[in-house]
Protein chains: 2
Amino acid sequence: MTLRKPVTPTPLKRVSPVPTDIEIAQAATLKPIAQLAEEIGILPEELELYGPYKAKVKLSILERLKDVPNGQYIDVTAITPTPLGEGKTTTTVGLSQALGAHLGYSVFTCIRQPSQGPTFGIKGGAAGGGYSQVIPMEEFNLHLTGDIHAITAANNLLAAAIDARILHEAGATDEQLFNRLCPPDKNGKRRFAPGLLGRLRKLGIDKTDPNELTPEERSKLVRLDIDPTTITWRRVLDTSDRFLRGIVIGKGPEEAGFERETGFDITVASELMAILALTTSLRDMRERIGRMVVAVSRSGEPITAEDLGVAGALTVLMKDTIKPNLMQTLEGTPVFVHAGPFANIAHGNSSIIADQIALKLADFVVTESGFGSDIGMEKFFDIKCRYSGLLPSVVVLVATVRALKMHGGGPKVVAGKPLDPAYTDENLPLLKEGLANLIHHIHIVRKFGIPVVVAINRFHTDTPAELELIRDAAIQAGAEDAVVSRHWELGGEGAIELAEAVVRASQKPRKFQFLYPLEMSIKEKIETIAREIYGADGVDYSPEAEKQIEEYTRMGFDHLPICVAKTHLSLSADPNLKGVPKGFRLPVREIRASVGAGFLYPLIGKMSTMPGLPTRPAFFEIDIDPETEKIIGLS
Amino acid sequence: MTLRKPVTPTPLKRVSPVPTDIEIAQAATLKPIAQLAEEIGILPEELELYGPYKAKVKLSILERLKDVPNGQYIDVTAITPTPLGEGKTTTTVGLSQALGAHLGYSVFTCIRQPSQGPTFGIKGGAAGGGYSQVIPMEEFNLHLTGDIHAITAANNLLAAAIDARILHEAGATDEQLFNRLCPPDKNGKRRFAPGLLGRLRKLGIDKTDPNELTPEERSKLVRLDIDPTTITWRRVLDTSDRFLRGIVIGKGPEEAGFERETGFDITVASELMAILALTTSLRDMRERIGRMVVAVSRSGEPITAEDLGVAGALTVLMKDTIKPNLMQTLEGTPVFVHAGPFANIAHGNSSIIADQIALKLADFVVTESGFGSDIGMEKFFDIKCRYSGLLPSVVVLVATVRALKMHGGGPKVVAGKPLDPAYTDENLPLLKEGLANLIHHIHIVRKFGIPVVVAINRFHTDTPAELELIRDAAIQAGAEDAVVSRHWELGGEGAIELAEAVVRASQKPRKFQFLYPLEMSIKEKIETIAREIYGADGVDYSPEAEKQIEEYTRMGFDHLPICVAKTHLSLSADPNLKGVPKGFRLPVREIRASVGAGFLYPLIGKMSTMPGLPTRPAFFEIDIDPETEKIIGLS
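Nothing here was measured: the structure is a model prediction, and the numbers come from that model. The written sequence of each chain sets the order in which its residues are numbered from 1. Each chain is given a letter, starting from A, and each ligand a number, starting from 1, according to the order in which they appear as written. With pLDDT at 70 or above as the cut-off, local features in this predicted model cover only qualifying residues; side-chain atom pairs require 80 or more to be listed or tallied, and sums for whole chains, interfaces and linings still use all residues. Note that the side-chain values use all heavy atoms of the structure and ignore hydrogens as well as water.

Once that is clear, we can look at the overall build of chain A. We count a stretch as a helix when DSSP gives it H or I for four or more residues in a row; a strand needs E for two or more, and each element gets its number in order from the N terminus. When you go through chain A residue by residue, the secondary structure sums to 23 helices and 24 strands. Radius of gyration: over C-alpha atoms. The globule rule applied is 2.2 Å multiplied by the number of residues raised to the 0.38 power. Against the 2.2 N^0.38 benchmark of 26 Å for 635 residues, chain A shows a C-alpha radius of gyration of 25 Å, consistent with a compact globule. If you line up chain A on its principal axes, its C-alpha atoms span 80 × 55 × 50 Å. Think of it in three bands: with a 1.4 Å probe and only protein chains considered, a residue is buried below 20% of the maximum accessible area for its type, exposed above 50%, and partly exposed in between. Counting only residues that meet the buried cut, chain A has 65% of its 635 residues in that class. The charge count treats Lys and Arg as positive and Asp and Glu as negative. His and the chain ends do not count. Note that the charge is assigned to NZ on lysines, CZ on arginines, CG on aspartates and CD on glutamates. Distance between charge centres in chain A, computed from 71 positive and 79 negative side chains, equals 2 Å.

Set out below in structure tokens:
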């Protein structure tokens, strides 16, 4: 079955006990990224180096390899996690290392770029952990090649354009606006700037000489007449800054009369980040950016980035972000780190383009979707695979004894506090109580027609009887296999059995299907997800949500897929309900539209789109040695 | 005299009439940057490629070349400009192309990285113009290698840390704060995190075991007690967004009671940008970042980034920014594009580190300082050269017929409006009236003991009699030479005479001296600059400025050099006073301190630190061809 040559593995120099993540990463042997690119069949002219250990890959490679068959497409997801996470990225990397460095397959790992907010705030980095990591972890966790920064710049240029436009329109007649937006040159000749062409098209005007516009056409072209109360576009920063969640802008003396309430989100929660993750070409990205709706005019017309004349400039700012970033695992297998949309208000999956390229270069492409199968995986299938047309082969469902005991009724698990002994001593009755959550997630995956392999991410306190109990339940519930994995401690060697199970599962017949067709109404789509995935009895809509559904349907946005923004800590909308909650309804508070990215996102309860810093943020541990230039304290 | 080998020039394929800047740039032949690096003696291991045409140079090169003698150090400045600018960057690049591609000298150009704010807003790009440009101009004007973005990230992490710390301190007792900032580990043992070490040192505590602190020491360690009304640290974005000039933050429900007024500046106006430009090593940068004062405690103690425990993390975020970015001119000579501090509230010069490296690699290093000699050049000498210890050789003073006629009483010059015929027809009396401004600038340069060569940047409407008039006046006023230059139209070939004059001037004896010693009081320093550079009769201080001078003196900041924030459109504080204003006093409204960067900056009148977007920003012309990936409309 193997078509493509595997890479030359980098031998792992393990020590015991397992050191800190940054100690392992800094002690690792790095392959020059140009060498890795050559090993996997990327041509030198398709590679843009960013220093010796990271590079961007040009999209021209897709054209060159368009006739090569795709590899197997593996998605790693999880049961409903504890607030500590269950090791999904670590499993993704460990599985890849097993496939590529121990079983002789060609493999590619595709994961998200982390936000700097959590890296310097609460969570720390996201390059995997132990002996299953992406390196150099400092590059991974810091600026990488600047993609997130470019998104910040583009997002905020659009925000500045909206408020400036409202201000300038208010102070000018149609004629003045026309003369400013379409000024005559030295010879008195006018022409339409590129920034006006999109709006002309939208208005159905096909005149090429500005002088031939009727007064009414002129007015429509230059006056967007944005209703400031409808602006949904927020500014962004890739910093955890809670004081920017709610702000008043325009308090300067020259903006008097135009001040308004708004706020900043973290950059990874932006629509542009979702676009980067879902786009399939530069042309598609340009079009999606143009379609982004930022507000509504006083006459009820949706106002887009194209209307503001800034869509071309935003695409220019983001032109390099579209190229995936090549890195490597501790065992020398290739990784694409590309796009990092939030997993709640966005779809929480790395980019389509990285997966497309990886599937041409490797027999196995292992990617990860955010949170549990009810959130990230459902969106992987119904949004990401729908837009890409790529067919998934196998789902790996990560489970831990710890999380299952929590679902069985174990004491609360809190980040930064020691675990209760219920979690570290053998407790089969508690574990048994929690298995229903695992079984529910297996059923979710099976609904999409894809074989599922359960990866039991082993902690050193887990007992053989506990692990066996999970295994049996998983297989009985319909998993192809359930395998204990020790990749954190052992690297790829610890995930060999898991990898073998995944390879076997990838040869099983499958019949992929979406959960819902796009033609369903907005409400039908939401209710299908609520009932079939979350196990809800039904959906309740706030009056605001009802009104939004009506508006979006009127504007023609009802054909978009649905990206539910719901807590990941429960299958229900209440993070405190563990296991498999029954007898609940899904309360839809509000529905927002990411028309450019291409989805509607119902908000279920309060979703924070801007984290805060704790009293002692991660940055207290971080510093640099000015002589060796070595970073300390990044985790 | 030439010690070092010149590069292999790239032949210029000129056409006439001169096309647009981006057309010239996109038609240019680019040397692979690795090849250019090899030509100028940078080792492969000292280079970090960012794609094929830009690279960072590691600071280890300074150690390797420490015994190589420095080349000649040329600063390009200007007379008091019109709002259109007089072509200083273009002259800087053209002079370099002449020296390196036509006269066979080894040469290096060192200039600032432009802000994206003006690029997409009013001004457009800043890579030079015509046949004197830095290429690829798209890279130059967009993200380059991400230095400005890294500064944005670091600046805003510090801002978030300040407000979060105030909030967390308010809700906790000393004991709770101590337990959070210095928590016991699993074994009950406490240790000081790296983020606490700086504050411990500042408090004079040399204990290494947190348990040994007295209650009073604990309190001083963990409670900064910042007075929110004294916070001077603002957030930044590299976007022209006037609605962020004045904002209220903390309007979210969870920050109730802590809301306050503040604002965003453009990133290039930040203290971190000034630090990047003035630092001399990674250790020095780490120390300067730690020293940045962000607020004052309720007991009057200056609070620094070090006190907040975030200085190490900020340095980590900025660790790559310190490496200069290597690019090339249209004629294949090397360019460092590094740091871009604002020329009004900061010192407006590219980095010391780039100049230091360039001076080891080339016989002539041509750099540029912002605005006229009264602003950027004075700061080049009194701030930049003072911190670097580098000795300047020659100053090139750029003058135009247009600007001199304006100083002679010509009609107002406004960007975007056609020029009055007074500027395009020969008008010797008007020009003669304006020569006093040129003469004053020549005298400013001579005060520092450095030879000055006047570069008359020729426009096609200038007449031979006009040019001759300027030449004569310049030489009579003490310039070594005054040369007409046509580099915009002809590239390096058009600046050969200028280059020859610069080479001759560099052989002249010189006796460099600062304008003032650091030991002078704050007022003495300001008054020296006002009288001797601006020609003021004296200085008036607002009551606020008086109070600040007292405070800074009490805190020990009075030994810092002075960076006056004054209009560049007049030698005086009033932009409408052209020529050489007499009988005026300098009104100091306020004085701010950039303690980390290392200067005090008196504000003279209103200085905008955040530009706005016009009705028709530059972005209206910018787009990308999705097939060819070619950018259009960038200028």
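Let us keep going from here.
This brings us to the side chain of Thr279(A). Residue and element names in this part refer to chain A. By the element assignment, Thr279 lies in the loop between α11 (271-278) and α12 (282-291). Polar contacts, as counted here, are pairs of nitrogen or oxygen atoms within 3.5 Å of one another; within protein the pair requires one atom able to donate a hydrogen and one able to accept it, and residues that are adjacent in sequence qualify only if both atoms are side-chain atoms. For Thr279, the side chain forms a polar contact with the side chain of Asp284, separated by 2.6 Å. What makes two residues a contact is simply this: any of their non-hydrogen atoms within 4.5 Å. In this structure Thr279 touches Asp284, Met285, Arg288, Ile322, Ile352 and Ile353, once residues within four positions along its chain are discounted.

Our next topic: the relation of the copies chain A and chain B. Only residues with pLDDT of at least 70 in both copies contribute their C-alpha atoms to the least-squares superposition of the copies. Turning chain A through 180° and shifting it by 0.0 Å along the axis lays it on chain B, with an RMSD of 0.0 Å. This pairing of chains is accounted for by a two-fold axis. For chain A, the residue whose C-alpha comes nearest the rotation axis is Tyr50(A), separated from it by 2.1 Å. Interface overlap between copies is the fraction of interface residues in one copy that are interface residues in the other; for chain A against chain B it reaches 99%, indicating a shared surface.

Residues and elements named next belong to chain A. Each domain's extent was defined by an automatic or database domain assignment. Assigned domains of chain A: these are domain 1 (21-39 + 53-145 + 320-506), domain 2 (148-315) and domain 3 (522-604). Distance between the C-alpha centres of domain 1 and domain 3: 26 Å. Each partner contributes to the interface: domain 1 provides 25 residues, whereas domain 3 provides 24 residues. If you sort the residues of domain 1 by the area they bury against domain 3, Ile345, Asp374 and His440 come out on top, with a joint share of 24%. Should a side-chain nitrogen of Lys or Arg be within 4 Å of a carboxyl oxygen of Asp or Glu, the pair is scored as a salt bridge. Our count for the domain 1 to domain 3 interface comes out at 2 salt bridges. Linking domain 1 with domain 3 are 6 residue pairs in polar contact (both at pLDDT 80 or more). When contributions to the side of domain 1 that touches domain 3 are tallied by element, the ones reaching two or more residues are α15 (373-388), α16 (401-407) and α18 (428-447). Residue classes follow a fixed rule: Ala, Val, Leu, Ile, Met, Phe, Trp, Tyr, Cys and Pro count as nonpolar, while Asp, Glu, Lys and Arg count as charged, and any other residue, Gly among them, counts as polar. Residue composition of the side of domain 1 that touches domain 3, grouped by class: 12 nonpolar, 8 polar and 5 charged. Joining two parts hides part of their accessible area as seen by a 1.4 Å probe, and the buried area is that hidden amount summed over both.

Here we come to the nonpolar core. We call a set of buried Ala, Val, Leu, Ile, Met, Phe, Trp, Tyr and Cys residues a nonpolar core when their side-chain atoms join them within 4.5 Å. Counting residues in each nonpolar core, the largest one holds 376 residues, and the members touching the most others are Leu438(A) and Leu438(B). Setting aside anything within four residues of it in sequence, one finds Leu438(B) in contact with Ile79(B), Leu397(B), Ala399(B), Leu404(B), Val454(B), Ile470(B) and Ala474(B).

Residue and element names in this part refer to chain A. Taking the numbering used here, the UniProt-annotated feature "binding site: ATP" (unreviewed entry) corresponds to Thr82, Pro83, Leu84, Gly85, Glu86, Gly87, Lys88 and Thr89. Residue placement: Lys88 occurs in helix α4 (residues 88-101). If sequence neighbours within four positions are ignored, Lys88 has contacts with Val76, Thr77, Ala78, Glu368, Ser369, Gly370, Phe371 and Val398. Structurally, Thr89 is set in helix α4. UniProt positions are given in the numbering used here, feature names are shortened, and annotations may be inferred rather than shown by experiment.

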